[in-house]
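Chain by chain, the residues run as shown.
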Amino acid sequence: MDDEQTLDHQALEKIEHELAVLGRRAERFRTAITDESGAALDRSAYLLLSHLYDHGALRLTTLGAVFALDISTVSRQVAALAAEGLVERATDPTDRRASLVTLSACGRERYVVTRQARVASISNLVGSWEKDERNSFGMLLGRFNAALAERDRAGVPPPDQRPPTRSGAPQP
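Residues numbered from 1 in each chain as written. Predicted model: local features only at pLDDT ≥ 70, side-chain atom pairs only at ≥ 80, totals over all residues. Heavy atoms only, no water.

**Structural notes on the packing of aromatic side chains**
Argument step 1. In the structure shown here, the tally under the stated rule is 3 aromatic pairs.
Argument step 2. Centroid distance Tyr-53 to Tyr-111: 5.0 Å. Interplanar angle 45°. Geometry classified as tilted. Here Tyr-53, found in helix H2 (residues 43-55), pairs with Tyr-111, found in helix H5 (residues 105-126); they are 58 residues apart in sequence, far enough to count as distant.
Argument step 3. Centre to centre, the rings of Trp-129 and Phe-137 are 5.3 Å apart; their planes meet at 80°, and the pair counts as edge-to-face.
Argument step 4. For Trp-129, a relative accessible area of 31% puts it in the partly exposed group.
Argument step 5. An aromatic cluster is built from Tyr-46, Tyr-53 and Tyr-111, whose rings are joined through pairwise contacts.
Argument step 6. Arg-118 extends its terminal NZ or CZ atom over the ring of Tyr-46, reaching a point 4.0 Å from the ring centre. (Phe/Tyr/Trp six-rings, centres within 6.5 Å; stacked < 30°, edge-to-face > 60°. Helix = DSSP H or I, 4+ residues; strand = E, 2+ residues; numbered from the N terminus. Buried < 20%, exposed > 50% of the residue type's maximum accessible area, 1.4 Å probe, protein only. Lys NZ or Arg CZ within 6 Å of the ring centre and 35° of its normal.)

Okay, here's the thing in structure tokens:
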């Protein structure tokens, strides 16, 4: 490897390590944010409620496409949210065979309270950063998440789930 490749490899190793640390700490961050009932929203619930908050009533198939999940997984997650009173299901007026999922009043309130608590906690963590650092960090995280979402939409499995090549190693 030449010097530039070595530096790039070192940067990629640093990103990989920091993502591993972030994954562990992000879960602790999530569980530390509770609403007035003392309950934390799990990651899938928070993301589904967030998407419904931003986009309004949606079909299960749309939610599945957004999160790269099969319809049975989304259906189970929505059923759990409905049992908690956080979402409501109604027949789609444009196709009576399909249903639309929307936030309930309770779901909207719980999502907003949770988001406010998360934003306040993040504000405490990055409050000493310069404004342009916070903007850059948010933009770069967004780009990284968009790249991951694109990979999910393309149906590219993670390396450890790809079929082996003739050499026995997973395909790139």
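**Quick look at the pattern of salt bridges**
Argument step 1. Using the criterion set out here, one finds 7 salt bridges in the structure.
Argument step 2. Taking the shortest distance from any N to any O, the salt bridge between Glu-27 and Arg-30 comes out at 2.6 Å. Taken together, the residues span about one helical turn, with Glu-27 and Arg-30 both in helix H1 (residues 3-32) at a distance of 3 residues.
Argument step 3. The class for Arg-30 is buried, based on a relative accessible area of 14%.
Argument step 4. With a closest N to O distance of 3.0 Å, Asp-95 and Arg-97 form a salt bridge.
Argument step 5. Residue classification places Asp-95 among the buried residues on the basis of a relative accessible area of 18%. (Salt bridge = Lys/Arg side-chain N within 4 Å of Asp/Glu carboxyl O.)

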